[in-house]
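Observations on the three-dimensional arrangement
The lines below spell out each chain.
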Number of protein chains: 2
Amino acid sequence: MALQPDKRQLGYEQTLMYGRYTRELGQYAKREAQRLRDEQERRRQLEDDLLKYEERTYWHRSKANFRWFRDWVFTKIGEDWIFLSLLGIIMALLSFAMDYTIAKFQTAHVELFRMLSYSAGLQFLAWVGFPVVFMVFSAGFVHLVSANAIGSGIPEMKTILRGVVLKEYLNFRTLVSKIVGLSTSLGSGLPLGKEGPFVHIASIVSTMLSKMIITFKGIFEDKRMYYSKGQNESRNSEMLAAACAIGVACNFAAPIGGVLFSIEVTSTYFAVRNYWRGFFGSVCGAFVFRLLAVWNKEEETITALFKTNFRIDFPFDVQELVAFSFIGVVCGLGGSLFVYLHRRIVDFNRSHKRWSNFLIKNRLIYPLVVSLVISSITFPLGLGQFMAGELTQKQQINELFSNYTLGNEPEDVNQENIYKPWHRPNVFVTLAVFIVMQFWMTAVSVTLPVPAGVFIPVFTIGAAFGRLVGECMAAWFKEGIRNGDTLNKVIPGGYAVVGAAALSGSVTHTISTSVIVFELTGQITHILPVMIAVLIANAISQLLTPSFYDSIIQIKKLPYLPDISHAGSKTFNIYVEDIMVRNVKFISWLSTYADLQILLDDSMLQSFPLVDAPESMVLLGSVQRVELEYMLDSQIGRARRLLVVKERNQIEDGGGSPAKDKEKVTVVEFHAGSKDNVQQPTAVITANGQELQDLSDLAGSSQMGEEPTIDSVFTYDAQTTEIPKRRKSQYVARALEKFDDMTPEEQREWEAEQLAKQLNFTDCHVDPAPFQLVERTSLHKIHSMFSLLGLNHAYVTTLGRLVGVLALKEIRIAIEKGATYRGSRARSGLSSNTMDSEVSSS
Amino acid sequence: MALQPDKRQLGYEQTLMYGRYTRELGQYAKREAQRLRDEQERRRQLEDDLLKYEERTYWHRSKANFRWFRDWVFTKIGEDWIFLSLLGIIMALLSFAMDYTIAKFQTAHVELFRMLSYSAGLQFLAWVGFPVVFMVFSAGFVHLVSANAIGSGIPEMKTILRGVVLKEYLNFRTLVSKIVGLSTSLGSGLPLGKEGPFVHIASIVSTMLSKMIITFKGIFEDKRMYYSKGQNESRNSEMLAAACAIGVACNFAAPIGGVLFSIEVTSTYFAVRNYWRGFFGSVCGAFVFRLLAVWNKEEETITALFKTNFRIDFPFDVQELVAFSFIGVVCGLGGSLFVYLHRRIVDFNRSHKRWSNFLIKNRLIYPLVVSLVISSITFPLGLGQFMAGELTQKQQINELFSNYTLGNEPEDVNQENIYKPWHRPNVFVTLAVFIVMQFWMTAVSVTLPVPAGVFIPVFTIGAAFGRLVGECMAAWFKEGIRNGDTLNKVIPGGYAVVGAAALSGSVTHTISTSVIVFELTGQITHILPVMIAVLIANAISQLLTPSFYDSIIQIKKLPYLPDISHAGSKTFNIYVEDIMVRNVKFISWLSTYADLQILLDDSMLQSFPLVDAPESMVLLGSVQRVELEYMLDSQIGRARRLLVVKERNQIEDGGGSPAKDKEKVTVVEFHAGSKDNVQQPTAVITANGQELQDLSDLAGSSQMGEEPTIDSVFTYDAQTTEIPKRRKSQYVARALEKFDDMTPEEQREWEAEQLAKQLNFTDCHVDPAPFQLVERTSLHKIHSMFSLLGLNHAYVTTLGRLVGVLALKEIRIAIEKGATYRGSRARSGLSSNTMDSEVSSS
């Protein structure tokens, strides 16, 4: 029943038998590579032949024309330009719709409050009840639909762009959860932002869009997909990076600042060739976003979001730069304080066992209490009157940026409107109270289990602080600042812009906030003050605390590589051999299925090194976990067992082969143009019975007790791809359901027998070029390799022998402990031996 | 006379003898690493001991305090912040001084022309003679002082930042040549820019500044320097990248755009953690630059360079975006045409043998003729009157950006002044003539052998084109564009801004020109039109031609890696084994000095792989060329020869040792705290005779015919660094000058004898962890590794055996030929064997 082995297979069997190892086996990787290439070549040939055959008929020719057209369209859609503009437009529409909804919610909140002006009690109820209901709904919805939607999303995207796969973080369920949760949590009016969640939403949309395109393409041409898998992966991550940029850009309608901000918060190393992607998508998005605003009659034309109207000729005096630097210093300290405060709140909620257990059991209590407290405080008839409580976030920013000096008496109705909320008891006290209250309220709000960002609330606080300094300056220099013969009035709005950029830059550790404020305000006049304050704020906050997003990465313990700059020169004196894990989990060519089963049960790694033998440890390549799982399954899985039972029954029945299966089989042989050294491939194409045929071949060959050989290639394997393989085994299982299973004893016996056999790698895809390092590579070099190439792990070899493995985790530990290594270097040989930490799965 | 070998050395000799190779030798790399580490540890120990000893006296204690203070100051100066602000300030001062000089030259040119208004002939002479003299002087000066100063500098900086060392490109001579050459060439008034040269100048200043700091530090603490060499190198390249940003930023007084522009034109992959460096330096520079302008009473305060004053409320109508897109399309085509035209001019000058020979022989003819022709054409009384010939570049840009519509009649004196130059015969014709003439004149000018950039001339042309479109629009919609109930006038100045950004972005393939125009004009109102036009222009020009800088890289054949995106999916199917050079030049452990001599003569490579033996080819590490040259020199060099002669003479004299040398020798032994397994180092510190002592030891040990062993370490080597080593041999040569040399026959015989000996690697630093690849790595992966890690070459190994080498050149060829590989893949084993191109030196 075994398939007739073709010449090539025989050839391999004759030249390389199981047992001739070390040097010869070492060349296996090379030959495996050759084999893969040959196969690919052959497949292509096969396809071409098929195509040629099809082209003979008229029907097929017109089909070919249609295919060409379809390919052309799909290539164009798949082409980055169209993809990006689609993504930009979708995100802009989404952003606009959400902004609209949130604005409606917030207006409804204020309107309800005003309508009930006849009763202060009802007013309080409305003012407090509204946000509480929204917040509780948001928390509940997110908890039920997808908890992945909680929080900002930027830390997770940073991790994903680093090359780590976070499961279910980018699926449709999370998208729905995030959109609904975000709309309601922002609708509640609590100090929360939407830039982080928007980055997340854009990434999900991008992933789904490219999946849609691939699936659509895949209906017609799944084979192509398989070939360009590696390409698709790198393209996907490029698109994700662009999506992050588009997310920020759509949120602020700030194409340039958005791209830069997203680069700063998500990347460590940035490929300049991807630069335009973000810009293009963002511009498309920003364009649509602003066009919608025009059609919606909010703005006359495409202009800035928080438009300012400062004096252009003489925006500030050189002497004012001292005050601007002061804003930078305070915002730097304030940013660090904010990150610290947020961390302490999270730690508090976690570290007190009873409290945290209570929170976990009553998930809705925490959001309920927090929103209740915060909205009570901002109640405009109560404490809220001392901190402009009745204004929405957008109104707050607009008024803080306004060109009118709050310290002066209002001259017209417009100024009167701006003046009113900030003058109880006076502008300085109101601003100070506003800053302090918003500060802790924001820090508490962002710990709520709802989708929420931190940028805009922090931006508002910064603007308020800048405004405070500006108003003080305006009060101090009542006549203006003298410069030569001219007197120039101080513009407090300019200070607010500087403060906003500095504080948001300090919390997020970004410089691009300066660009964002230029785009938001539509004025670039304050470029120098803004840049100076942002740089000073960044310098201070980077010295004191990690960025808000890095802090969340630490809190969530996401698998991210810290920056090496903190570890300093030590990294040049720590080497791979000092930190690698010597106790490597591996499979060898000589392993049995039992070994494999133990290995898979023992460890959760995503891939394993393949060596020739445990004694010599020559690294042949790396095998994915899924491949090994499939291998084990096809050896002792249910499908295989049923097949064996079926065969036994047949033998018992007198060897009568099932005729109805057989008759469907068609064997077609393709003779590819014979090339030097490349044997003619034999392709077996079957109609319906193919799967059964194949699997029974597999069973048969094993049954006959053949020793598995390195290169014994089952010809059919050349025709199948991974996914159909899996589907096939399910199919077989279903098809064989009619046969009786073994008895439990039989089964145990049979399994033991099967497990004792040696692994057969013929069916298994081995990556012949996993990333390798030598022992004497410095930590500094490893760090840049890992971060630049986005590696998760690398094997350490000496003369081709596997001596250790290095994963992200070891590097992270080494960098964090950097200081302690210097002393222990002399005994490093010993110390690293004892450090048998498990390789972290990723 | 040989140095008493210490225990450790003996220990090594006993355990590992020459001849036990393959596996044992393979561990050499490991042991070498251990040795290096031990040495480093020991040296540190030694230093500490010395320090402790010194600390005992009062004098030394106060010295220690002083040293601490000095260290603190130097660390702070060496610290990035101070370094960057210094660099920024220096560059700002330099930029300001040069701008001032150039402006004076240009004013003098116009003044001279006006003064001579009584005679048109004299006017012509003055108008034409002035630029010709300046240009010829510039070309001559640059030719004499340093030809490295010719051209832009951005392509070279791109190559240098890629990790390639371009000799003498960053030295003082080039700096002088560039500054003087640039001032005079720009002073001539030809359409040339200064942003590229300024990047170059900033890079030189940065290099010299860090050298100065290191030298200054090195006077006191040269040992430290040696330890942190690797660190310094990576720091230097970070600083160079920042310097490029500062150069651009100072040039335009555009801190944000400058940083982004420099990233776009010089980097492939950008480390986000270096982001702030550029910004900080640029802000310092821009601040000083603008402060100087204030003090110089040019501006009232710190504002934009080409300040515009467009309407803020309603800068443009949505319908105008069509016209803006049109500008983008034309500028995209125009940018490509410009690069093509420039390329053709260069090719013409090169390809016509007689013409190019003539040019090389008469270097000053070409600049003379070109400047003569161009200045004759722009003569304001002749053709110049039809293209605003009398305006300087700065005036041109200012007038093109002006808010006043040229098509209208002027209303005041200010408008009259702007109106006049552009109205002969009318604004449309003048602008069109201006664009066409400037276009080719710029393309010709930048081929001149003087320091010159391309950005500002192209920027001007773009502005003129934008203005032309804007004026057409203004003439077409005389009443303004209707939007609902309002009529909005067209602002032609806005079109000029868009055109300027689009054309400069298209020529340089950058998007950040959009940010630069916002900073230059001080207005961000036209953000969407500018972004749209720049993106369209970029898309078109990237499709058609390489960027101007990449074109120069191709013309100059600089060792740069092209981008892989053009090669597409093929790169996944090409592997290392297909493109690597199999005919590797190597040295083996068994090579003789004669082999080494042949190797060094044969090849110009900067480093060589070290293998154990030509048969087994186990890669032990990589050795720098300088190390090998020193090795050869110390074996058969003049110093060694004289020493041998001296010794012979001594033997002939009866072995009487030269007493006057001997008596100066002092031997001090330090007993470092004995650690586990680390043997006590024996340090021989001598006063004056040290060098002789050491070298004669070396000679002695070799003379005695000892077999060189892998680990026979001369103890003194642990105390010396590379540079002193070299100085020493010169010193010895001078000191031994008094002895007679050998006769030529003797010499030949002696050399032959010496050359037949086996190499002695004891003295030689071997890098035990050169970058290694396996054969089955795809071109795509290699490309990202090489560009990300900045590699020049990598060794290809199979099981630790060196099978090939891959340099930038092979990858470049592979990418360029990408398309042809697909077909030849089946025979790749053969084809790559025949492709024995030499590894390119770098």
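Now for a quick tour of the structure. (Residues numbered from 1 in each chain as written. Chains lettered and ligands numbered in written order. Predicted model: local features only at pLDDT ≥ 70, side-chain atom pairs only at ≥ 80, totals over all residues. Heavy atoms only, no water.)

Along chain A, the regular secondary structure elements total 35 helices and 10 strands. Each of the 842 residues in chain A was classed as buried or not, and the buried ones make up 57%. At a minimum sequence separation of 6, the contacts of chain A that also span at least 24 residues come to 77%. Accessible surface computed for chain A: about 35800 Å², of which carbon and sulfur atoms make up 58%. (Helix = DSSP H or I, 4+ residues; strand = E, 2+ residues; numbered from the N terminus. Buried < 20%, exposed > 50% of the residue type's maximum accessible area, 1.4 Å probe, protein only. Contact = heavy atoms within 4.5 Å. Areas by Shrake-Rupley, 256 points an atom, 1.4 Å probe, with all protein chains shown as cover.)

All names here are of chain A. Spatially, three strands are ordered S8-S9-S10 in an open sheet, and the strand pairing comes out mixed. Looking along the sheet, the strands with just one partner apiece sit at the ends: strand S8 (772–773) and strand S10 (801–807). Strand direction decides the pairing type here: S8 and strand S9 (residues 793–798), joined by two bridges, are parallel. Paired with Leu773 across the two strands is Val796, which belongs to S9. (Pairing = 2+ DSSP bridges.)

A few words now on the pairing of S9 of chain A. Residues and elements named next belong to chain A. Assessed by its sense of winding, the connection that carries the chain from S8 through helix H33 (residues 779–789) to S9 is right-handed. Inspection of the sheet shows S9 paired to S10 by six bridges, in the antiparallel sense. The residue bridging His793 from the neighbouring strand is Ala807, located in S10. Between S9 and S10, which pair antiparallel one after the other, the connecting turn spans two residues, and Leu799 there sits at a positive phi close to 50°. (Right-handed = clockwise from strand over helix to strand, strands pointing away.)

Moving on: the sheet that holds strand S4 (residues 587–588) of chain A. Residue and element names in this part refer to chain A. With mixed pairing, the four strands of this open sheet are ordered in space as S4-S5-S6-S7. One side of each edge strand has no neighbouring strand; the edge strands of this open sheet are S4 and strand S7 (766–767). Of the pairings in the sheet, the one linking strand S6 (residues 619–624) to S7 comprises two bridges and is antiparallel in character. Across the sheet, the residue bridging to Ser622 is Asp767, located in S7. Packed on one face of the sheet, helix H27 (residues 625–636) meets S4, strand S5 (607–611) and S6 and runs near 80° to S6. (Axes fitted to C-alpha atoms, helices over the stretch in contact; angles between N-to-C directions.)

Further remarks concern the environment of Gly505 of chain A. All names here are of chain A. Residue placement: Gly505 occurs in helix H21 (residues 492–508). Separated by 214 residues in the primary sequence, Gly505 and Leu291 place their C-alpha atoms 29 Å from one another. Not counting chain neighbours up to four residues away, the residues in contact with Gly505 comprise Thr510, Thr513 and Asn538.

Residue and element names in this part refer to chain B. Summarising the element assignment, Thr174 is placed in helix H8 (residues 172–187). Classification of Thr174 by relative accessible area gives buried; the value is 0%. With sequence-adjacent residues up to four places away left out, Thr174 is seen in contact with Ser146, Asn148, Ala149, Glu168, Tyr169, His200 and Ile204.

We now examine the packing of helix H7 (residues 154–161) of chain A against helix H12 (residues 255–266) of chain A. In helix packing, the relevant descriptors are the interaxial angle and the interaxial distance, both defined with respect to the helix axes. Residues and elements named next belong to chain A. Packing of H7 against H12 leaves a shortest axis separation of 9 Å and a crossing angle of 70°. Classed by the angle they form, the pair H7 and H12 counts as roughly perpendicular. On the side of H7, the interface is formed by Ile154, Lys158 and Leu161, while H12 contributes Phe261, Val265 and Thr266. (Parallel < 35°, antiparallel > 145°, perpendicular 65-115°, else oblique.)

Moving on, we come to the pattern of salt bridges. All names here are of chain B. Tallied over the full model, the rule gives 10 salt bridges over all chains. For Lys194, the salt bridge goes to Asp99, with nearest N and O atoms at 3.0 Å. In this pair, Lys194 sits in the loop between H8 and helix H9 (195–227) while Asp99 sits in helix H5 (residues 80–115), placing the two residues 95 residues apart along the sequence. Between Arg625 and Glu629 there is a salt bridge, with the nearest N and O atoms lying 2.8 Å from each other. Residue Arg625 and its partner Glu629 are located together in helix H26 (residues 625–636), separated by four residues, close to a single helical turn. (Salt bridge = Lys/Arg side-chain N within 4 Å of Asp/Glu carboxyl O.)

Attention now goes to a nonpolar patch on the surface. Residues and elements named next belong to chain A. On the surface, a nonpolar cluster with roughly 620 Å² of combined accessible area is contributed by Phe348, Trp355, Phe358, Ile365, Leu368, Val369, Leu372 and Val373. The leading source of residues in the nonpolar patch is helix H16 (residues 365–377), at five residues. Assignment of secondary structure puts Phe358 in helix H15 (residues 353–361). (Patch = residues over 30% accessible without salt bridge, like charges linked within 9 Å, V, L, I, M, F, W, Y side chains within 5 Å.)

Residue and element names in this part refer to chain B. Within the span of helix H25 (residues 593–602), buried status applies to Tyr593, Leu596, Leu599 and Leu600. One face of H25 carries all of its buried residues, which in axial projection span an arc of 115°. The exposed residues of H25 that point more than 90 degrees off its buried face are Asp601 and Asp602. In this fold, the buried residues of H25 make contact with strand S4 (587–588), strand S5 (607–611), H26 and helix H31 (744–755). (Arc of directions from axis to C-beta.)

What follows deals with the environment of Leu808 of chain B. Residues and elements named next belong to chain B. Its location among the elements puts Leu808 in helix H33 (residues 808–824). Between the C-alpha atoms of Leu808 and Tyr560, which are 248 residues apart in sequence, the distance is 7.5 Å. Residues within four places of Leu808 in sequence aside, it is in contact with Arg162, Val164, Pro559, Leu561, Phe786, Leu791 and Asn792.

The next point concerns the state of the cysteines. Simply put, the disulfide is a covalent bond whose two ends are the sulfur atoms of two cysteines. Residues and elements named next belong to chain A. A full pass over the atoms with the stated rule returns zero disulfides over all chains. The structure places no disulfide on Cys284, whose sulfur is separated from the nearest cysteine sulfur, that of Cys250, by 9.5 Å. According to the relative accessible area criterion, Cys284 is buried, its value standing at 15%. (Disulfide = S-S within 2.5 Å.)

A few words on a negative patch on the surface. All names here are of chain A. On the surface, a cluster of negative charge is made up of Glu409, Glu411, Asp412 and Glu416. If you trace the backbone, Glu411 turns up in the loop between helix H17 (393–400) and helix H18 (413–419). Since its relative accessible area comes to 71%, Glu411 is described here as exposed. (Lys, Arg positive; Asp, Glu negative; His and termini not counted. Charge placed at Lys NZ, Arg CZ, Asp CG, Glu CD.)

A few words now on unusual backbone geometry. All names here are of chain A. Positive phi is not limited to glycine here, since His509 has a value of about 55°. Here His509 shows up in the loop between H21 and helix H22 (513–521). Residue His509 is classed as buried on the basis of its relative accessible area of 16%.

Time to look at the packing of helix H13 (residues 321–351) of chain B against helix H22 (residues 527–544) of chain B. All names here are of chain B. Following both chains from N to C, one finds H13 and H22 inclined at 30°, their axes separated by 7 Å at the closest point. Viewed along their axes, H13 and H22 adopt a mutual orientation that is roughly parallel. As for how H13 packs across H22, the hand of that crossing is right-handed. Together, Leu321, Phe324, Ser325, Gly328, Val329, Cys331, Gly332, Leu333 and Ser336 of H13 and Pro529, Ile532, Ala533, Ile536, Ala537, Ile540, Ser541 and Leu544 of H22 make up the contact between the two elements. A class-by-class count of the residues in the contact of H13 with H22 yields 12 nonpolar, five polar and no charged. (Left-handed = near helix turned anticlockwise from the far one by under 90°. Nonpolar A, V, L, I, M, F, W, Y, C, P; charged D, E, K, R; others polar.)

By themselves, these are just geometric observations and shouldn't be taken as functional.
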